Amino acid sequence: MFAYDRASQAESAVVDPERVLLLDVSYTNNSRTLEPRGGEAAAKWMYKWMAWLEDLLLTYAYFV
């Protein structure tokens, strides 16, 4: 499936990027990079939690 013409170091690797495997419940452990990207991951999760919190508060405000 993969063909390399010369030796080189991989920059990143991703397992199941299209999320075809439905039994995988944790998508956070499906990739690796050479340099840490913790700041990007923290920002991504913070935005998801903020959107969830906003939806929760809007739902609460609707019923109160």
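Residues numbered from 1 in each chain as written. Predicted model: local features only at pLDDT ≥ 70, side-chain atom pairs only at ≥ 80, totals over all residues. Heavy atoms only, no water.

Colleague: Can you help me understand the overall build of the protein in this one?
Modeller: On a plain count of helices and strands, the protein comes out with one helix and two strands. Along the protein, helices and strands appear, N-terminal first, in the series β-β-α. Burial status across the protein gives 3% buried among its 64 residues. (Helix = DSSP H or I, 4+ residues; strand = E, 2+ residues; numbered from the N terminus. Buried < 20%, exposed > 50% of the residue type's maximum accessible area, 1.4 Å probe, protein only.)

Colleague: I tried to follow the confidence of the model for the protein on my own but got confused; where do I start?
Modeller: Caution is warranted with low-pLDDT regions, since their predicted coordinates should not be read in detail. Of the residues in the protein, 81% reach a pLDDT of 70 or more, and the chain-wide mean stands at 79. Across the protein, element-level confidence peaks in helix α1 (residues 38-63) with a mean pLDDT of 91 and bottoms out in strand β2 (residues 31-33) with 70. (pLDDT = per-residue confidence, 0-100.)

Colleague: Teacher, can you tell me more about the packing of aromatic side chains here?
Modeller: Think of a pair of aromatic rings as described by two things: how far the centres are apart, and how the planes are tilted against each other in angle. Within the structure shown, the criterion is met by two aromatic pairs. For the pair Trp 49 and Trp 52, a centre-to-centre distance of 5.5 Å together with 80° between the ring planes defines the contact as edge-to-face. Remark: Trp 52 and Trp 49 occur in helix α1; sequence separation between them is three residues, near one turn of the helix. Trp 49 gets classed as exposed once you look at its relative accessible area, which sits at 55%. Seen in terms of ring centroids, Tyr 62 and Phe 63 are 5.0 Å apart; in terms of plane orientation they differ by 80°. Their pairing is edge-to-face. Each member of the pair, Tyr 62 as well as Phe 63, is classed as exposed. (Phe/Tyr/Trp six-rings, centres within 6.5 Å; stacked < 30°, edge-to-face > 60°.)

Colleague: Help me understand a nonpolar patch on the surface in this model?
Modeller: A contiguous nonpolar surface patch, about 1000 Å² in accessible area, is contributed by Trp 45, Met 46, Tyr 47, Trp 49, Met 50, Trp 52, Leu 53, Leu 56 and Leu 57. With respect to the element layout, Leu 57 can be found in helix α1. Residue classification places Leu 57 among the partly exposed residues on the basis of a relative accessible area of 48%. (Patch = residues over 30% accessible without salt bridge, like charges linked within 9 Å, V, L, I, M, F, W, Y side chains within 5 Å. Areas by Shrake-Rupley, 256 points an atom, 1.4 Å probe, with all protein chains shown as cover. Salt bridge = Lys/Arg side-chain N within 4 Å of Asp/Glu carboxyl O.)

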